[in-house]
Amino acid sequence: MTRKYFGTDGIRGQANKFPITPDFAMKVGMAAGIAFRRGDYRHRVVIGKDTRLSGYMIESALQAGFTSVGVDVLLLGPMPTPAVALLTRSMRADLGVMISASHNPFADNGIKLFAPDGYKLSDEVEAEIEALLDSDLGPRLADAPQLGRAKRIEGAQARYIEFAKRTLTRNLSLEGLRVVVDCANGAAYKVAPEALWELGAEVVTLGVEPNGVNINKDVGSTAPNALIAKVRETRADIGIALDGDADRVIIVDEKGQVVDGDQLMAVVASSWAEEGRLSVPGLVSTVMSNLGLERYLSSLGLTLERTPVGDRYVVERMRAKGYNLGGEPSGHIVLSDYATTGDGLVAALQLLAVVQKAERPVSEICHCFEPLPQVMKNVRYKAGRPLDDDGVRAAIAKATERLGRAGRLVIRPSGTEPVIRVMAEGDDRTLVTDVVDGVVEVITKAAA
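Scope of this entry: the structure provided in the associated data block.

Next up on the list: the environment of A406. Structurally, A406 is set in the loop between α13 (390–403) and β17 (407–413). Separated by 19 residues in the primary sequence, A406 and E425 place their C-alpha atoms 8.6 Å from one another. If near-sequence neighbours (up to four positions away) are discounted, A406 is found in contact with L291, R295, E425, G426 and D427.

Along the chain, E305 turns up in strand β13 (residues 303–307). Residue classification places E305 among the buried positions, given a relative accessible area of 16%. A polar atom in the side chain of E305 sits 3.1 Å from the side chain of R317. E305 has contacts with L283, V284, S285, R317, K321 and Y323, leaving out every residue within four places of it along the chain.

Turning next to the pattern of salt bridges. Per the stated rule, a full pass over the model turns up 34 salt bridges. We note a salt bridge from R312 to D123, for which the minimum N-O separation is 2.6 Å. Highlighted residues: R312 in helix α10 (residues 311–321) and D123 in helix α4 (residues 123–133), separated in sequence by 189 residues. Using a relative accessible area of 21% as the deciding quantity, one classes D123 as partly exposed. Salt-bridge contacts for D388 lead to R385; the nearest nitrogen and oxygen are separated by 2.8 Å. For R385, a relative accessible area of 66% translates into the label exposed. Connected through shared salt-bridge partners, D9, R12, K112, K120, D245, D247 and D311 make up one network.

Before going further, it helps to examine the nonpolar core. One finds L174, I240, I251, L349 and L351 to be the most contacted residues of the largest nonpolar core, which totals 73 residues. Of all the elements, helix α11 (residues 344–358) adds the most residues to this core, at 10 residues. With residues near it in sequence (within four places) discarded, L174 still touches L196, L199, G200, A201, L349, L352 and Q356. By size, the runner-up hydrophobic cluster in this structure holds 34 residues, among which are Y5, A32, I47 and L133.

Once that is clear, we can look at the sheet that holds strand β11 (residues 258–259). Spatially, 5 strands are ordered β8-β7-β9-β10-β11 in an open sheet, and the strand pairing comes out mixed. At either end of the open sheet lies a strand with only one pairing partner, and these are β8 (202–206) and β11. Where strand β9 (residues 238–242) meets strand β10 (residues 249–253), 5 bridges bridge the pair, whose relative direction is antiparallel. By the bridge assignment for β10, L242 is matched with V249. Set on the sheet, α11 makes contact with β9 and β10; between it and β9 the angle comes to about 165°.

Conventions and cut-offs
- Residue positions are given per chain, counting from 1 as you read along its sequence in written order.
- Thresholds applied to this predicted model are a pLDDT of at least 70 for local features of residues and 80 or more for the giving and counting of side-chain atom pairs; totals over whole chains, interfaces and linings are not thresholded and use all residues.
- Calculation of side-chain values draws on the structure's entire complement of heavy atoms; hydrogens and water are dropped beforehand.
- Secondary structure counts use DSSP, requiring at least four H or I residues in a row for a helix and at least two E residues in a row for a strand, with both numbered from the N terminus.
- In this analysis, two residues are considered to be in contact whenever any of their non-hydrogen atoms come within 4.5 Å of each other.
- Throughout this description, buried means an accessible area under 20% of the type-specific maximum (1.4 Å probe, protein chains only), exposed means over 50%, and partly exposed covers the range between.
- What qualifies as a polar contact is a pair of N or O atoms within 3.5 Å, subject to a donor-acceptor requirement within protein and to the restriction that residues adjacent in sequence count only when both atoms come from side chains.
- Salt bridge, as applied in this entry: a Lys or Arg side-chain nitrogen positioned within 4 Å of an Asp or Glu carboxyl oxygen.
- In these notes, a set of buried Ala, Val, Leu, Ile, Met, Phe, Trp, Tyr and Cys residues joined through side-chain atoms within 4.5 Å is what counts as a nonpolar core.
- Pairing between two strands requires that DSSP report at least two bridges joining them.
- For helices, the fitted line uses only the C-alpha atoms of the stretch in contact; every axis is such a line through C-alpha atoms, and the angle between N-to-C directions lies from 0 to 180 degrees.

Next comes the structure, spelled out in C-alpha cells:
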C-alpha cells in the first residue's frame, strides 16, 4: 500500500520543513482525532516526546489540532516511545502520540501514532488518516462547548519506571553490578538511570544532559565509542546504550566489545526456552539478521521467522503467529509479554537478569554464536525501478545460485531514500564480497 505522508515509522522529516511543520502537525492532530472518534464520550490522547528542540513546536501544534476536534490532551513530556505505548493502554486513551525521529540527528523529527491497544497503526488506519489530511476538515471541528482540554500529567515517569522494574522477578536484585547507561541525551535520560539504580545497580551515566540539540550526538546506540571508553575507564560489568527515543538498545560487555541485537535475542531466546517462557519455539526477526543467529537457534530446536526490515513488520508477524520474542539486529527488541513495541530498557533488564542468575561475565553470556561475514553496499538511483531490469534480475538469480545454501542474498529498496541496499552473507567472505560487488555493478548500470 502506497502512503503519501506515513513512512515505515510514522511521519518523518526535517523540523520546520514539510511535513514536520506546525501547520501540518496541527492538521495531523485534527485528522487523527477525527479518525479515532469511537462514541459519544470525552476522547483523550496522550502525547510524549524526546528531547529535540522542535518537540515544543510540534507538541503545541498537535495539542491545538486534537483539542480543536474535541479530544482531551494529556501531555507526558520527555518519555521513551515504549512508555507512550504503555501509557496509551493503561490510561485508556483513544490514541497515543510520540514526537521523535528516534536515532536521527536533532534537526529531524517525527510523529508516531499508537492505537488504543498500544500498537502502531495498521496501513489501513494510516490510509484513513491520510485521506482526512487531504480533505477539508473545517466542517469537522468541534463546537465551542465540546472543545478539548489539555493538561500535563505528573508521575508518568514513575509509572514507567515501576513497570520496567516489575518485568523482573520480585527477588532479583542488580546489586553488585556496575552499569554504564548511555541515554543518548534523549527521552530516557531520567527514567533509565533511575530504574537501574532502584534495582540495586551502581550506575554510571552518559548522555543525560539534553539541551535540545545534542540528542544522539556522539552518544547512544548509533555512536557506541563513548560508552566503550566509559566501560573500560570505570571497569564496569556492562554498558547499555539506548537511542534517542529508547526503543532500541545495544550492549557493551566488560571488555568493551559491542553486542548487537542478534546476540541479545539469542541470549533471551535460549534463557526463555530453558525456562519454558517462549510462547512459540522461536523468534521473529528481519531479513537483516545474521545467518549465524538462525543456525544457533536451530541448534536449540528453535526457528527464526524473517520479515521485511522494520520493527512494525516484526510486531505484525509476532501477533499473527503468536510469538512473544522478536527484534532486529539494530537493537529493536520486542518482548510482547511486556510491551507492544521495542523497549531498550526492558530488553537490557532481561539480559541483566540472565547475567545475575548465571554469575558469568557479559562477554561470555552474549557470545552465543560467531556471526557470518556480512557485506552490504548501497546503490543510489535517481528515478525508475532498477530492480525490474532483466539484466538485474538475471544477475540476482546467478548470485543466489553462487551462494547456494551456505549463504544469503538480500536486496531491498530503502523505505526512506532512493537507495537500493545489497547485502550478502555466508561462510566465505571472499565469495560474499565478490557476489555483492557483481550485483552492485549491474544495478548501478541499470540505475544510470
